[in-house]
Each structure stands twice: as C-alpha cells, then as structure tokens.
Number of protein chains: 2
Amino acid sequence: MPSRITAIYHVRSDARAIKARAQAIAVEQSVEMPLSAIEDRQILDEIVGKVEDISDLGGGVFAVRIGLAAATAGNDPGQLINMLFGNTSLQDDVTLYDAEVPGEMMVRDRTGPHAGLAGTRYRTGIKRRAFTCTALKPQGLPPEKLAELAARFARGGIDFIKDDHGIASQSYSPFETRVKAVADALRKVEAETGHLARYVPSVTGTARAALTYILEARTAGLRHVMVQPMILGLSNFRDLVDRFTSLTFFAHPALAGASRIDPALLFGKIFRTCGADAVIFPNYGGRFGYSPETCRRIAETALGSWHGREAAIPVPAGGMTTNRVAEMLDFYGADVMLLIGGALLDARDRLTEETAAFVRQVKDYRYAEGAGQTAWSI
Amino acid sequence: MPSRITAIYHVRSDARAIKARAQAIAVEQSVEMPLSAIEDRQILDEIVGKVEDISDLGGGVFAVRIGLAAATAGNDPGQLINMLFGNTSLQDDVTLYDAEVPGEMMVRDRTGPHAGLAGTRYRTGIKRRAFTCTALKPQGLPPEKLAELAARFARGGIDFIKDDHGIASQSYSPFETRVKAVADALRKVEAETGHLARYVPSVTGTARAALTYILEARTAGLRHVMVQPMILGLSNFRDLVDRFTSLTFFAHPALAGASRIDPALLFGKIFRTCGADAVIFPNYGGRFGYSPETCRRIAETALGSWHGREAAIPVPAGGMTTNRVAEMLDFYGADVMLLIGGALLDARDRLTEETAAFVRQVKDYRYAEGAGQTAWSI
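The sections below set out a description of the structure shown in this document. (Residues numbered from 1 in each chain as written. Chains lettered and ligands numbered in written order. Predicted model: local features only at pLDDT ≥ 70, side-chain atom pairs only at ≥ 80, totals over all residues. Heavy atoms only, no water.)

### Overview of unusual backbone geometry
All names here are of chain A. Rules: The numbering of helices and of strands both runs from the N terminus, where a helix is a DSSP run of H or I of at least 4 residues and a strand a run of E of at least 2.
Look at the link from Lys-137 to Pro-138: it is a cis peptide, with omega at 0°. Of note, Pro-138 is situated in the loop between strand E5 (131–136) and helix H7 (143–155). Even without glycine at this site, Glu-32 takes up a positive phi of about 55°. As for its placement among the helices and strands, Glu-32 is situated in the loop between helix H1 (18–28) and helix H2 (41–47). Phi at Arg-128 takes a positive value of approximately 60°, unusual for a residue other than glycine. Tracing the backbone shows Arg-128 in the loop between helix H6 (116–124) and E5.

This is the structure in structure tokens:
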C-alpha cells in the first residue's frame, strides 16, 4: 500500500448528506474530477482520496477522516497544504481540523526546528522557568528610537525583544539600519549590566529579500528572526530554515487565523515541521477570540512528540498584561514564552521598571518540580 | 498629508459596540498598542489607522472604512496584505471587503499584468469571442499519459490547457519531463492540424524552485504558467512576474477562499496588481458556494479600470459543463475564459468531439456588437 496522509475535516452538514459530502471532499482534494472519467486502476486505488471514517460531533458538525496519497504532496510544505486544503478552503462548510502524516514521509523529509525548545534553553542557558519576550513598537518610529526602546526593555532584564509584526523594511526604518541600531544598543546594555536581551527582527518581503535581510541580521550578530509563514509561503519559510541552520525562527500567525485551518494543526504541526522554533499565537482573554481549550491544544501540540521533531516553544500573546503572569504560568507551565508588548509600553517612563517586574514575576514563580529542564537531544 | 490606503471591512457587531470595535481594528492594523503609550505626535497623526466612516449594512453587519498609512505597506504586496488583514484575520467578526490604494502609490509601483486581457488577445489573435480552456487531470498520471490527453484536447480546438492545481512536480510526473512531453505533443498536433493549444503548467514549490520550473517551461517553448499566489506568497508571485515579462500568468485561487478576504478584492485587485493576466475563480452553480453576484463582482473588478493596469481575464471554473456555455456567455459576455475540465474528461472516448462541441459553442455564440475587441495599449 502506498503511504497516506490522513486529513481530518470538520464539516457542517445534515446526517443524510454527510456521506456524499465527505466523498466529494475526498475527490476535490485528490483528483478533482468525476471518478467515472478515470480509466487508470492505479489512480482509482492509490491517488483518489478515501473516506476512512465519519463521526457525528453533534450540533450539525461531522469529523471526516480522508486518506490522501502522500506522493501527491511530495516533500513540499506548500503542496502539502494545497493537498490538505487548497480547493476545499473555498468551500465554507469545511474546516481543516488535523492531519496525520506517515512516519516514513517524515523520516525522508528531515525537517523541523533546528533548536526548538530544548535547543533554545541550551543556547541561552535559560532553564527551570518560562522565557520572557516583548515587542518593539509602534511602527513608524525611526531606528534610533526603536533602539532606545529596546535598550530600556533590556535594562529590565527581558529575554527576547521581537519586532511588532507590522515592522518590515519601511522607508522610515529600513531593515539593515534598524537591525544594526537595535543590536548595538543591546550590546551596550550587555556591556553595562551583563544582561543580553536577544533581538528578533521581522523578516518580510519576497523569499529573495528575506535572504538578504537574514544575512544583514547575521552580520549584526543576531541569532533569531521572525517570519510570517502564511504571507511568505510555507515552502519559502522552510527553505530559509534549511539555509540558516544556526538561526532560531519565530513564526508569527499573520493571515493564518483567517484560513479556517485549526491553529493547533497549523502552528503546532505545520509551522513546526517547516522549522519554527517558537510559534506566536493569540492568547485567550486578550484581543483575540481563541478559547482556553484552543490555546491548550496549540501549546500541547507544539510541545508534543511529533515524529522525533524538536518541540516548538509556545508564545501566547496579544493584549497580555503583567497582572496575568501567574495565571498564564499556572495554565502553561514553564515551557512557554510569555510575550507582553503594549502593556509594558503603556508604563511609559516606568517601562524599564515594569519590564523588570514582569521578569521578576516569571523568575519567582513556583514552577512544578523538574519543570523547564528539557534536555537537548543533539 | 501622507498618502493613505483605505481598507473597507465588514464587521459583525451591534450598533452600540461598532464605534469602539472599528477603532480597535484601526489600532490593530496599524500600531497594535495602546494609543496612550505613544508619545510621538507624528505617529499618532500619520501612522495610527483612522476610522473614516461606519455604515450600517443591516443584519448586524457594518461597513467600516479605515485609512492606513501607505508608507507602512511600502511597495511589497505581502506587507500590503499584512497591513490590510494580518492580525485582523485572526478575529472572526471581520472580513476584508475592499481596499483603495492611492494613485501615487500605484504609479510609483509600476506593476500589474504584462499582457492581461488585451495583450492575450493580441498575442493569440483570439478576438471577438470568449477564450476556451480545459484542465489536465487526474494527478497521478505519468507525463506521457498527460501528453496524450493534451493532444486529444488540442484536436478538439481548445485554446488553453492548464494543469490541474494538484499537479506539482511529483515523483510520478516531474515538472520538466511533463512539460516537455505535453509541449511536444501539442506541437505535433499543431503540425497536423494547424491549431496550437497553449499549455499552462502549474508552478509550485519555493520561489527558488518556481524560478527553475519557469525556466524549464520556457525552454520547452511555453509562454503561460499557473501559480497559486496564496501558497507561493504574494510578494514572491510578483517577483516572478517582474522577472519574466514575456510570460502570461494564470492565478489559481487555492487556499485563497479560506481567508475571509472578499474574492473580488483578492482576485480582481490584489492578484491583478501582482501581475495576474488571468484569474481563475469558482463559478456560481458549480461545486463551490459563490453566488452569481459575487462572480459578477469578481469579473467586473478584474476587467474594470484600476490605476491604468491591464485588465485580467476572468476564468470562472469548477464543475462547469458544456450545456452551461450559452448561459455563462450571456452572463459574462466575450471577455472571459470558460474553463471546463472534468465534464470533458467524462466524455472519455468522445473527449475530442466533446471538446470540439464546447469550442464550437463558444465560437458560434452571438456576442454583442463590438465585444471582445479590446485594443492593447502597448
């Protein structure tokens, strides 16, 4: 038997129609034509999608498992998402809930995070606690102002400082100038205080441009970058990861939530398989609509075992505040990166102190015995 | 005043909450932080999104117009979609309905279709009627079988033959082998019959891989390719268009419908601005859920005047049949490419005859006086 990917869709339907609807999805996501017109036995047997199971989830929604030939996806992540959801994404009654990829496909295709959770703990020396992160904003500030802001965050002892996802390489803040200014400022703070905050600039544009930006970031001595896989394209994201094995990649969810693909699958499996070391997602109770259950599943999937791939660090974000730190650590445990942006900036003159208070809370939290000590397998 | 992009969102809300919700979207899609934390006057005035208008569409939906600084998008299409919908795509109550881009931004950024409708009429000599197109499938067939199928379509007199969007460069049908086989078969038919059907292979994978595939397609003498912009990434799509000015690009909607971006905006403006000469979209009454009104808007937007850009050819598709040809031509007129795939394949032994019947219907249709004669402006 040829190896098969299993796609799990959630389909709105009534009980009488679901069998035909499931079969239509199986055809749409494989041969996309009337089966009566297919003469080739092997295509009917191996390439045409097969409905493996239908189960009633209640409330007019059904879980439909469909087997798809792994050979149609090959080892290209863009083609994988195309085979899982390309055309069906155009049909409003279906969401892509999960996917299972055969082990032999994953072994052949040796991708995934280079560092992930364990590698990031190893490289940074940050153990037994959660990571802390903040965001440089607003966009519109010139490089020297962003650098000044970064230095103030760094004096508060923050671990990571990422660009706001709107920051690209705009006329008022070109990538190379910004990255150099911020990196210099952070090294100056390190020389004074002994603490190095790690800058994670946002890499945007074409795949070609992204390559140039990453080389500029490396020239400035940086080891972390952020990309937006759904805007850059999944295949291009993985291509960058393949080329820069010493870098750590943060994946930002821009344009991702729109796609009716379950975020646990998209961030915890697909982004991670492409090589995301850390996956940013909207936390529950902030500006976005994810439920605690969805956030739990995202974190568990990103950290869970998945064909021997390194775990990706879950980074819940979006309207988080310092007074939620304990609650979030209760919820996520030590294997998480807490990202608080706007709420720290809102402290204005007291930005460094507020950052320090955030960092202190994360360090002083009483983690479970043995937490935050994942050993790096390499 | 700095130049502004206007984004038009449709927001589900109640009347009391809409003002605050609109303001929250304006902040989310610009500075993404509490305005109280912004000290810089210029950022508050120029970079922060501004709610320009709110109008009640009825049924609990509001149209919200928000002005966004054009400088934040620069001239990168990926960053444009990020600024229009990056984070808001993660919020279920909002769809992106339309966008207006300032003329000076469009003039600076001289992109768009190289050929478009008029250039394609000029290059192919097809005037005064609609174009005809079909699809090579099923995926899983080896190159020689696909070539055989293409030859049978060509003998029926079809104008264009596109790959099924699932066809990539799979182990059973590598791109270069397939493209060469199909191109050779079509030239052989041309030598015999005088009719050249134009092959439009599907280009997938990373931006780097796409470049190689396109070079292989050109080596095989082809002038048309199909891409999936939402999978390749919009910026990478435009980069390919910029590099291959003699090629014609078909844009396939895979993964696009999922994104809660209005298809008339996405296909008719954004894909077209990136350089799509033809835009494929799900026709009403087929396997997909678009209404006649939506299809009308897609076609009108793709063909409509838009900052001096060439019109893109609308290509309605998806479950179309030959007995709907007259109805579709009544609906779309001459400036359209009708794509019938599965229904022709379903004719099996009579595939060439059925194709010829389709072509004949399109040629014999009584178009309006003067239709299908757009002059090429170059």
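### Observations regarding the packing of aromatic side chains
All names here are of chain A. Selection rule: When the centres of two rings from Phe, Tyr and Trp lie within 6.5 Å, Trp using its six-membered ring, the rings pair. Their planes under 30 degrees apart give stacked, over 60 give edge-to-face, and anything left gives tilted. The buried label applies to any residue whose accessible area, calculated with a 1.4 Å probe on protein chains only, is under 20% of its type's maximum; exposed applies above 50%, and partly exposed to all values in between. Our definition puts a charge over a ring when NZ of Lys or CZ of Arg is within 6 Å of the ring centre and also within 35 degrees of the ring normal.
Applying the stated criterion across every chain yields a total of 18 aromatic pairs over all chains. Centre to centre, the rings of Phe-237 and Phe-249 are 6.1 Å apart; their planes meet at 65°, and the pair counts as edge-to-face. In this pair, Phe-237 sits in helix H11 (residues 234–243) while Phe-249 sits in strand E9 (residues 248–251), placing the two residues twelve residues apart along the sequence. With respect to class, Phe-237 is no different from Phe-249; both count as buried. Between Tyr-284 and Phe-331, the aromatic rings sit 4.8 Å apart at their centres with planes inclined by 50°, giving tilted as the arrangement. Of the two residues, Tyr-284 sits in the loop between strand E10 (278–282) and helix H13 (292–303) while Phe-331 sits in helix H14 (residues 325–332), which places them 47 residues apart along the sequence. Phe-331 shares its class with Tyr-284; the two are buried. Grouping aromatic residues by their ring pairs yields a cluster made of Phe-281, Tyr-284, Phe-331 and Tyr-332. For Arg-296, the ring lying beneath its charged end belongs to Phe-331, and the centroid distance is 3.9 Å. Taking the ring centre of Tyr-284 as reference, the NZ or CZ of Arg-324 above it sits at 5.1 Å.

### Observations regarding the pairing of E9 of chain A
All names here are of chain A. Counted only if it meets this: Paired strands, as defined in this entry, are two strands with at least two bridges between them according to DSSP.
Going residue by residue along E9, you find Thr-248 and Phe-250 tucked away on one face and Phe-249 and Ala-251 tucked away on the opposite face as well. As paired elements, strand E8 (residues 224–227) and E9 share four bridges and run parallel to each other. Paired with Val-227 across the bridge in E9 is Ala-251. Looking at chain direction, E9 and E10 are connected through two bridges and run parallel. Looking across to E10, one finds that Ala-251 is bridged to Val-279.

### Section: helix H9 (residues 207–219) of chain B
In an α-helix, one full turn covers 3.6 residues, which means residues spaced three or four apart are oriented alike. Our working definition: In this analysis, the expected span of each helix is defined as 1.5 Å times one less than the number of residues it contains.
For H9 of chain B, built from 13 residues, the straight-helix expectation of 18 Å at 1.5 Å per residue is met to within 8% by its first-to-last C-alpha distance of 18 Å. Of all the residues in H9 of chain B, the buried ones are Ala-207, Ala-210, Tyr-213, Ile-214, Glu-216 and Ala-217 of chain B.

### Digging into the sheet that holds E8 of chain A
Residues and elements named next belong to chain A. What counts here: Only the stretch in contact is used when a helix axis is fitted, and all axes are lines through C-alpha atoms; the angle between N-to-C directions ranges over 0 to 180 degrees. Note on contacts: a residue pair qualifies if any of its non-hydrogen atoms lie within 4.5 Å across the two residues.
Pairing is parallel across the open sheet formed by four strands, whose spatial order is E8-E9-E10-E11. Looking along the sheet, the strands with just one partner apiece sit at the ends: E8 and strand E11 (313–317). Averaged over all pairs of adjacent strands, the angle between strand axes in this sheet comes to 25°, irrespective of strand direction. Contacts from H13 reach E10 and E11 within the one sheet, and its direction differs from that of E10 by about 175°.

### Some remarks on the environment of Ser-55 of chain A
All names here are of chain A. Looking at where Ser-55 falls in the secondary structure, it is placed in strand E2 (residues 50–58). When the C-alpha atoms of Ser-55 and Gly-342 are compared, they prove to be 43 Å apart, with 287 residues separating the residues in sequence. Apart from residues no more than four positions distant in its own chain, Ser-55 is found in contact with Val-61, Phe-62 and Ala-63.

### Some points on the pairing of strand E11 (residues 313–317) of chain B
Residue and element names in this part refer to chain B. Condition: Convention used here: a crossover is right-handed provided that the path from the first strand, over the helix, to the second strand proceeds clockwise when the strands point away from the viewer.
Most of E11 is tucked away, with five of its five residues classed as buried. Side-chain alternation along E11 places Ile-313, Val-315 and Ala-317 on one buried face and Pro-314 and Pro-316 on a second face that is also buried. Bridge analysis of strand E10 (residues 278–282) against E11 gives five bridges, and the strand direction is parallel. If you follow Ile-280 over to E11, its bridge partner there is Val-315. Taking the sense of rotation as the criterion, the β-α-β connection linking E10, helix H13 (residues 292–303) and E11 turns out right-handed.

### Examining H13 of chain A
Residues and elements named next belong to chain A. Heads up, the condition is: As used here, the arc belongs to the directions running from the helix axis to the C-beta atoms.
Its twelve residues give H13 an end-to-end C-alpha distance of 16 Å, which sits within 8% of 16 Å, the value for a rise of 1.5 Å per residue. Those residues of H13 lying buried are Thr-294, Cys-295, Ile-298, Ala-299, Thr-301 and Ala-302. In an axial view of H13, the angular spread of the buried residues amounts to 165°, which keeps them on one side of the axis. Opposite the buried face of H13, by more than 90 degrees, sit the exposed residues Glu-293 and Glu-300. Among the structural elements, helix H12 (263–274), E10, E11 and H14 are those in contact with the buried residues of H13.

### Notes on the relation of the copies chain A and chain B
Filter applied, for reference: Overlaid copies result from least-squares superposition on C-alpha atoms, with residues included only where pLDDT is at least 70 in both.
Superposition of chain A onto chain B requires a rotation of 180° combined with a translation of 0.0 Å along the rotation axis, giving an RMSD of 0.0 Å. Classification of the inter-copy transformation places it as that of a two-fold axis. A share of 100% of interface residues in chain A that are also interface residues in chain B marks the association as one of identical surfaces.

### Describing the packing of helix H12 (residues 263–274) of chain B against H13 of chain B
Residues and elements named next belong to chain B. Inclusion rule: An angle below 35 degrees is treated as roughly parallel, one above 145 as roughly antiparallel, one from 65 to 115 as roughly perpendicular, and anything else as oblique. For any pair of crossing helices, the crossing counts as left-handed if the nearer helix is rotated counterclockwise from the farther one by less than a right angle, and right-handed if it is rotated clockwise. Classification used: nonpolar for Ala, Val, Leu, Ile, Met, Phe, Trp, Tyr, Cys and Pro, charged for Asp, Glu, Lys and Arg, polar for all others including Gly.
As a packed pair, H12 and H13 sit with axes 8 Å apart at the nearest point and diverge in direction by 20°. Compared by their axis directions, H12 and H13 come out roughly parallel. Crossing hand, H12 versus H13: right-handed. Contacts from Pro-263, Ala-264, Phe-267, Gly-268, Lys-269 and Arg-272 of H12 reach H13 at Thr-294, Arg-297, Ile-298, Thr-301, Ala-302 and Leu-303. Its residues assigned to classes, the contact of H12 with H13 comprises six nonpolar, three polar and three charged.

### Here we look at the interface of chain A and chain B
Applied cut-off: Accessible area that two parts lose when put together, evaluated with a 1.4 Å probe and summed over both, is termed the buried area. When a carboxyl oxygen of Asp or Glu is within 4 Å of a side-chain nitrogen of Lys or Arg, the pair counts as a salt bridge.
At the junction of the two partners, chain A supplies 72 residues and chain B supplies 73 residues. The contact between chain A and chain B buries some 5,900 Å² in all, and 53% of this surface belongs to carbon and sulfur atoms. Three residues, Glu-32, Leu-90 and Leu-255 of chain A, lead the burial of chain A against chain B; their summed loss comes to 11% of the area buried on that side. Applying the counting criterion to the chain A and chain B interface returns four salt bridges.

### A word on the sheet that holds strand E12 (residues 337–339) of chain B
All names here are of chain B. A sheet is described by the order of its strands in space; here four strands give the open sequence E7-E6-E5-E12, paired in parallel fashion. Edge positions in the open sheet fall to strand E7 (198–200) and E12, since each of these has one partner strand only. Across the sheet, the mean angle separating the axes of adjacent strands is 30° when strand polarity is ignored. Note: strand E5 (residues 131–136) against strand E6 (residues 160–163), four bridges, orientation parallel. Note that in E6 the partner of Cys-133 across the bridge is Phe-160. With respect to the sheet, helix H7 (residues 143–155) is in contact with E5 and E6, its orientation differing from that of E5 by roughly 160°. Sheet strands in contact with helix H16 (residues 351–364) are E5 and E12, and its direction is about 160° off that of E5.

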